[in-house]
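# Inside the fold
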Amino acid sequence: MSKLPLSFYQKEDVVVVAKQLLGKLLFTNINGKLTGGIITETEAYDGVVDKACHAYGGRNTNRTATMFLNGGITYVYLCYGIHHLLNAVSGKEGNPQAVLIRAIEPTVGVEIMLQRRKMEKLAPRITAGPGALSQALGIDKNLNAKDFLSNEIWIEDAKAYEDEKIVATTRIGVAYAQEHALWPFRFYIKGNKYVSKPNS
DNA sequence: TTCCCGATTTACT
DNA sequence: GTAAATCGGGAAA
């Protein structure tokens, strides 16, 4: 398998990127520790027109500047003062779109992930949920604005899921975005155990 | 500089 | 089911 090219992320429609990322393989190699798995859940954040997006209305600050860059890089930020959340920036430069990676199914480096999560044995909650996933993979804001062809974090190509295996629903934790909270911008793989909240 | 609050998780009752 | 933890960003002053 090979790494996804930057052109994959630079499509105009972030929703398409979010759907196509399902089933791809996300890896990190932090301090020589290789971990990774299959992406099972994503959410799209559609730039300046999306009230749930940090860059809504063209808000360009130290934090959100990363999203305005060309697609194919990471956007990592701290939420609730505790959790690092991993996004894949998409679209072209100046168009602040991003895909939140919410969950993976671990396949490589499970022992390392168990240690990082302080867990005794494997359970879905190890990587089901954006904060949990980042902790398991060793992601923090030092990985912000890295491109997805780096040696620390990357995504490899894999067979795409058929549409009937993909569930589209509303996003999590964005009630403050009013009517935009109803947009069906969350995608996950039907029946997979490594999904943060299957019912919504 | 101050104040408010969040793209969550976990440990309780 | 409900609440606490915890800190940096963004807006206002």
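Residues numbered from 1 in each chain as written. Chains lettered and ligands numbered in written order. Predicted model: local features only at pLDDT ≥ 70, side-chain atom pairs only at ≥ 80, totals over all residues. Heavy atoms only, no water.

A few words on the environment of threonine 170. Residue placement: threonine 170 occurs in the loop between strand 7 (166-169) and strand 8 (186-189). Threonine 170 sits 122 residues away from valine 48 along the chain, and the two C-alpha atoms are 19 Å apart. (Helix = DSSP H or I, 4+ residues; strand = E, 2+ residues; numbered from the N terminus.)

Formed by 36 residues in total, the largest nonpolar core has its most connected members in Leu21, Leu26 and Ile101. Among the elements that make up this core, the one with the highest residue count is helix 2 (residues 14-21) (5 residues). Excluding residues within four positions of it along the chain, leucine 21 makes contact with Leu4, Phe8, Tyr9, Ile39, Thr42, Ala88, Val99, Ile101 and Ile155. Met67, Tyr75, Tyr77 and Val89 belong to the second-largest nonpolar core, a separate cluster that totals 17 residues. (Core = buried A, V, L, I, M, F, W, Y, C linked by side-chain atoms within 4.5 Å. Buried < 20%, exposed > 50% of the residue type's maximum accessible area, 1.4 Å probe, protein only. Contact = heavy atoms within 4.5 Å.)

A separate point is the pattern of salt bridges. Evaluated as defined, the whole model comprises 11 salt bridges. Where glutamate 179 meets lysine 51, a salt bridge forms, and the shortest distance between an N and an O atom there is 3.2 Å. You can see glutamate 179 sitting in the loop between strand 7 and strand 8 and its partner lysine 51 sitting in the loop between strand 2 (33-46) and helix 3 (65-68), a full 128 residues away along the chain. Of the residues examined, glutamate 179 reaches a relative accessible area of 42% and is grouped as partly exposed. In this structure, a network of salt bridges that share partners links the residues Glu41, Glu43, Arg102 and Arg186. (Salt bridge = Lys/Arg side-chain N within 4 Å of Asp/Glu carboxyl O.)

Around DNA strand B, a shell composed of 22 residues is seen, among which His83, Asn87, Gly129, Gly173 and Tyr176 lie nearest. Atoms of DNA strand B within 4 Å of the protein: sugar and phosphate make up 51%, bases the balance. Side-chain polar atom of tyrosine 77 to a base nitrogen of DNA strand B: 3.4 Å apart, as the coordinates give it. In the model, a phosphate oxygen of DNA strand B is placed 3.5 Å from a nitrogen or oxygen of the alanine 132 main chain. Going through the elements one at a time, strand 3 (74-79), strand 4 (83-90), strand 5 (97-108) and helix 5 (130-137) are the ones with two or more residues in the surface near DNA strand B. Its residues assigned to classes, the surface near DNA strand B shows 12 nonpolar, 7 polar and 3 charged. (Near = heavy atom within 4 Å. Polar contact = N/O pair within 3.5 Å; in protein donor to acceptor, adjacent residues only side chain to side chain. Nonpolar A, V, L, I, M, F, W, Y, C, P; charged D, E, K, R; others polar.)

Moving on to the packing of aromatic side chains. Going through the model one piece at a time under the given rule, you end up with 5 aromatic pairs. Here phenylalanine 27 and tryptophan 154 contribute two aromatic rings whose centre-to-centre distance is 5.8 Å and whose plane-to-plane angle is 25°, an arrangement assigned as stacked. Of the two residues, phenylalanine 27 sits in strand 1 (residues 25-30) while tryptophan 154 sits in strand 6 (residues 153-156), which places them 127 residues apart along the sequence. Take phenylalanine 27 and tryptophan 154: they sit in the same class, and that class is buried. Relative to tyrosine 77, the ring of tyrosine 75 has its centre 5.6 Å away and its plane inclined at 20°; by these criteria the two rings are stacked. Grouping residues by exposure puts tyrosine 75 and tyrosine 77 together as buried. (Phe/Tyr/Trp six-rings, centres within 6.5 Å; stacked < 30°, edge-to-face > 60°.)

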